[in-house]
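Observations on chain architecture
Take a look at the letters that make up each chain.
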Amino acid sequence: MTKYEQCPDCQAKIKTVPAGISKRTGKSYDEFQVCSNCEWKPPREQKFYPREKEGIKAEYVKEAQERKADQINEAQKRKEDSIAKFNAFNAAIELVKIPSWKGLTPEEKNEILSEVWELQDKIYQKHILGF
Ligand SMILES: [Zn+2]
């Protein structure tokens, strides 16, 4: 930070206020300079990306946006996965609730399962995909 000795407006002495906490806002502030007479303050030194680094900044912003999009996609996929698992769980419960289910042989169970899956596929295609 450039140190000023004299106010460019009124030539009065510039004082340096040490860093502290604002009584008004309760927020901390860095050391700053102010004119002892007219309250002139040196212009803020802005943080900026040098021209040759603009590309890096753009790259960084793009990367951050892509990361965010990935996170949203992942969350969406997790949600869909959990819905699919929940539906499968419910379907399994419905099946074992059929009184005769327990008496079936493994082959007969498989046959029913494949019929159920085929039916689900048809329903899905008709009502969800609109075929
Ligand atoms: Zn001044």
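Residues numbered from 1 in each chain as written. Predicted model: local features only at pLDDT ≥ 70, side-chain atom pairs only at ≥ 80, totals over all residues.

Let's shift gears to the overall build of the protein chain. Looking only at helices and strands, the protein chain has two helices and four strands in total. Walking the protein chain from its N terminus toward its C terminus, one meets helices and strands in the order β-β-β-β-α-α. The dimensions of the protein chain, computed from C-alpha atoms along their principal axes, are 100 × 40 × 25 Å. When burial is assessed residue by residue, the protein chain has 2% of its 131 residues classed as buried. A sequence separation of at least 24 residues applies to 35% of the contacts in the protein chain between residues at least 6 apart. (Helix = DSSP H or I, 4+ residues; strand = E, 2+ residues; numbered from the N terminus. Buried ≥ 20, exposed ≤ 12 C-beta atoms within 10 Å, placed from the backbone. Contact = placed C-beta atoms within 7 Å.)

With 24 residues, helix α2 (residues 106–129) should reach 34 Å at 1.5 Å per residue; the first-to-last C-alpha distance of 32 Å fits that figure. Burial within α2 is sparse, with just zero of its 24 residues counted as buried. Downstream of α2 by a residue or two, G130 has a phi angle that is positive, lying close to 75°. (Expected span 1.5 Å × (residues − 1).)

A word on the confidence of the model for the protein chain. Summing up the model confidence of the protein chain, the mean pLDDT is 84 and the portion of residues at 70 or higher is 91%. Of all secondary-structure elements in the protein chain, the lowest mean pLDDT belongs to helix α1 (residues 54–97), at 84, while strand β1 (residues 14–17) reaches the highest, 93. (pLDDT = per-residue confidence, 0-100.)

The phi angle at Q11 is positive, at roughly 65°, despite the residue not being glycine. Its location among the elements puts Q11 in the segment before β1. The backbone of E39 sits at a positive phi, close to 70°, despite the residue not being glycine. Counting through the fold element by element, E39 comes out in the loop between β4 (32–35) and α1.

Split by domain assignment, the protein chain resolves into domain 1 (1–47), domain 2 (53–97) and domain 3 (98–131). On a C-alpha basis, the centroid separation for the pair domain 1 and domain 3 is 77 Å. (Domains from an automatic or database assignment.)

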